[in-house]
Amino acid sequence: MHLWSRAIHQYNLGHNSKLERINNGLKSLPGLYLRSNYTGGIALGDCVRRGTEVATEIYQGLHT
Ligand SMILES: Cc1cc2nc3c(=O)[nH]c(=O)nc-3n(C[C@H](O)[C@H](O)[C@H](O)COP(=O)(O)OP(=O)(O)OC[C@H]3O[C@@H](n4cnc5c(N)ncnc54)[C@H](O)[C@@H]3O)c2cc1C
């Protein structure tokens, strides 16, 4: 097997539990939103989709 040391990174084992801890921490910080390639898919399309979703979430939060 050849390891491409400069290849695109992948999630490590335990990534989901780390995300869960981050999301639990965010509950006490209303108004802070995190979206990135570590929050549910590294592909550019995933990042754009999540960006759109969080923009809608923030907009709705401001107008309720
Ligand atoms: C080599 C490579 C090839 C890839 N190829 C593909 C592909 O073919 N198809 C695909 O779908 N995906 C591909 N990806 C994955 C995809 O491009 C990334 O997962 C996606 O762009 C990540 O988006 P992001 O917004 O999380 O982070 P980024 O796009 O890295 O954006 C982070 C932004 O935050 C800014 N920033 C960083 N630190 C700070 C700071 N302290 N203050 C202010 N701004 C800051 C940076 O300047 C940057 O603009 C590839 C990734 C890499 C590295």
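Residues numbered from 1 in each chain as written. Predicted model: local features only at pLDDT ≥ 70, side-chain atom pairs only at ≥ 80, totals over all residues.

Summing up its helical and strand segments, the chain has two helices and zero strands in all. Relative to its length of 64 residues, the chain is extended, with a C-alpha radius of gyration of 15 Å against a globular reference of 11 Å. By the burial criterion, 0% of the 64 residues in the chain qualify as buried. (Helix = DSSP H or I, 4+ residues; strand = E, 2+ residues; numbered from the N terminus. Rg over C-alpha atoms; globule rule 2.2 N^0.38 Å. Buried ≥ 20, exposed ≤ 12 C-beta atoms within 10 Å, placed from the backbone.)

Now for the site of the ligand. The environment of the ligand is formed by Ile-8, Ser-36, Asn-37, Ile-42, Ala-43, Leu-44, Gly-45 and Cys-47. Split by residue class, the shell around the ligand holds five nonpolar, three polar and no charged. (Near = placed C-beta within 6 Å. Nonpolar A, V, L, I, M, F, W, Y, C, P; charged D, E, K, R; others polar.)

Further remarks concern helix 2 (residues 44-62). Compared with an ideal rise of 1.5 Å per residue, which puts 19 residues at 27 Å, helix 2 spans 27 Å between its outermost C-alpha atoms and is within 8% of the ideal. Across the 19 residues that make up helix 2, only a small minority, zero, are buried. (Expected span 1.5 Å × (residues − 1).)

Once that is clear, we can look at the environment of Asn-23. Its place among the elements puts Asn-23 in helix 1 (residues 15-26). Placed 23 residues apart in sequence, Asn-23 and Asp-46 show a C-alpha to C-alpha distance of 18 Å.

Before going further, it helps to examine the environment of Leu-62. The topology assignment puts Leu-62 in helix 2. Distance in space between the C-alpha atoms of Leu-62 and Gly-31 is 9.9 Å, their sequence separation being 31 residues.

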